[in-house]
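Below are the chains, spelled out letter by letter.
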Amino acid sequence: MAQDSRISTKALLVGVAVDLVGSSLFGAVVGFCWAIVNARQGAAPMEWSFFSSDPWVLLTILLIGLCYTAIGGYVAAIVAKRSPLLHGALVGGLTLPLFLLGIPTLPFWYNVASLLGVIPFGLLGGMFARWRQRASSAN
């Protein structure tokens with residue numbers, strides 16, 4: 001039983017990597033698309049203020065980014081094969097310092113929602129992994 005409570009460093013590294021790589025790729029794609037849209041509208045690059053756009057756009061991007069944290073928590077829990085909720089929460093906790101850095105041009109509500117959502121979404125990924133583990137062990 002003591003073996004089950006140990007934290008898997010490998011699982012956490014893989015989970016955090018999945019979260020960061022997925023979020024970064026998503027951010028690069030969104031930024032690229034945003035640049036194309038603004039370039040076609042004739043805006044100068046200095047006027048491409050993505051972060052001052054519609055709050056619904058930012059909320060959507062925030063939720064998708066937090067879903068990558070859930071995916072990272074899920075992957076960490078699956079790789080660890082034990083303590084899925086703990087591994088999911090720790091993935092969220094390990095990515096938390098990145099949100100603390102923040103981007104000064106982002107609205108305050110966005111930074112607060114990011115901080116409040118990162119650990120619960122990591123836990124959500126751990127819960128999905130636990131449900132999957134229970135379903136596979138029942139079969």
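Everything numeric in this text was worked out from a predicted model, so none of it was measured.

Parameters and conventions
- Starting from 1, residues in each chain are numbered consecutively following that chain's sequence as written.
- At least 70 in pLDDT is required for a residue's local features to be given in this predicted model, at least 80 for side-chain atom pairs to be given and counted, and no such filter applies to totals for whole chains, interfaces and linings, which use all residues.
- Side-chain metrics rest on all non-hydrogen atoms present in the structure, leaving aside hydrogens and water.
- Secondary structure elements are taken from DSSP: a helix is a run of H or I of four residues or more, a strand is a run of E of two residues or more, and numbering for both begins at the N terminus.
- Here's how the labels work: a residue is buried when its accessible area is under 20% of the maximum for its type, exposed when over 50%, partly exposed in between, all with a 1.4 Å probe on protein chains only.
- When checking whether two residues touch, look at their non-hydrogen atoms; a contact exists if any pair is within 4.5 Å.
- Note on areas: Shrake-Rupley, 1.4 Å probe, and residue coverage restricted to the protein chains presented here.
- Planes of paired rings set the category: under 30 degrees apart is stacked, over 60 is edge-to-face and the rest tilted, where pairs are Phe, Tyr or Trp rings (Trp by its six-membered ring) whose centres lie within 6.5 Å.
- Patch members must show over 30% relative accessible area and no salt bridge, and they are joined within 9 Å when carrying like charges or within 5 Å when they are nonpolar side chains of Val, Leu, Ile, Met, Phe, Trp or Tyr.
- The term salt bridge refers to a pairing of a side-chain nitrogen on Lys or Arg with a carboxyl oxygen on Asp or Glu at a separation within 4 Å.
- Only the stretch in contact is used when a helix axis is fitted, and all axes are lines through C-alpha atoms; the angle between N-to-C directions ranges over 0 to 180 degrees.
- Note: crossing handedness is left-handed where the near helix turns anticlockwise from the far helix by less than a right angle, and right-handed where it turns clockwise.

Peer 1: Got a minute to help me understand the overall build of the protein in this structure?
Peer 2: The helix and strand tally for the protein stands at four helices and zero strands. Mapped from its N terminus to its C terminus, the protein presents α and β elements in the order α-α-α-α. Counting every position in the protein, which comprises 139 residues, the buried fraction comes to 31%. Here the analysis covers contacts within the protein between residues at least 6 apart in sequence; of these, 77% occur between residues at least 24 apart. Counting only carbon and sulfur atoms, one obtains 72% of the accessible surface of the protein, whose full area is about 8,400 Å².

Peer 1: Just to check I follow, could you spell out the environment of Pro84 for this structure?
Peer 2: With respect to the secondary-structure elements, Pro84 resides in helix H3 (residues 84–101). Judged by relative accessible area, Pro84 falls into the buried class, the value being 11%. The sequence separation of Pro84 and Gly125 amounts to 41 residues, and the corresponding C-alpha distance is 8.4 Å.

Peer 1: I keep staring at the packing of aromatic side chains and nothing clicks. Help me out?
Peer 2: Aromatic ring pairs are described here by two measures, namely the spacing of the ring centres and the angle between the planes. For the structure shown, the criterion picks out three aromatic pairs. Each ring, one from Phe26 and one from Tyr68, has its centre 6.2 Å from the other, and the planes form 40°; the classification is tilted. Of this pair, Phe26 sits in helix H1 (residues 9–40) while Tyr68 sits in helix H2 (residues 55–80); the two residues are 42 residues apart in sequence, bridging distant segments of the chain. We classify Tyr68 as partly exposed; its relative accessible area is 25%. Ring centres of Phe128 and Trp131 lie 5.3 Å apart, and the angle between their planes is 65°; this geometry places the pair in the edge-to-face category. Of the two residues, Phe128 and Trp131 both sit in helix H4 (residues 108–138), three residues apart, roughly one turn of that helix.

Peer 1: Would you mind going over a nonpolar patch on the surface with me for this structure?
Peer 2: On the surface, Leu20, Leu98 and Leu101 cluster together to form a nonpolar patch covering roughly 300 Å² of accessible area. Turning to its location among the elements, Leu98 is positioned in helix H3.

Peer 1: For this particular structure, what's the right way to read the packing of H2 against H4?
Peer 2: Helix packing geometry: the angle between the two helix axes and the distance between the axes. Remark: H2 packs on H4, axes separated minimally by 7 Å, with the N-to-C direction vectors making an angle of 35°. For the pair H2 and H4, the sense of crossing is right-handed.

Peer 1: What exactly am I supposed to notice about unusual backbone geometry here?
Peer 2: Glycine aside, a negative phi is what most residues show, and trans is what most peptide bonds show. Positive phi values are uncommon outside glycine, yet Lys81 reaches one of about 60°. Within the secondary structure, Lys81 sits in the loop between H2 and H3. Given the relative accessible area of 68%, Lys81 is considered exposed. Backbone geometry places Ser83, a non-glycine residue, at a positive phi of 45°.

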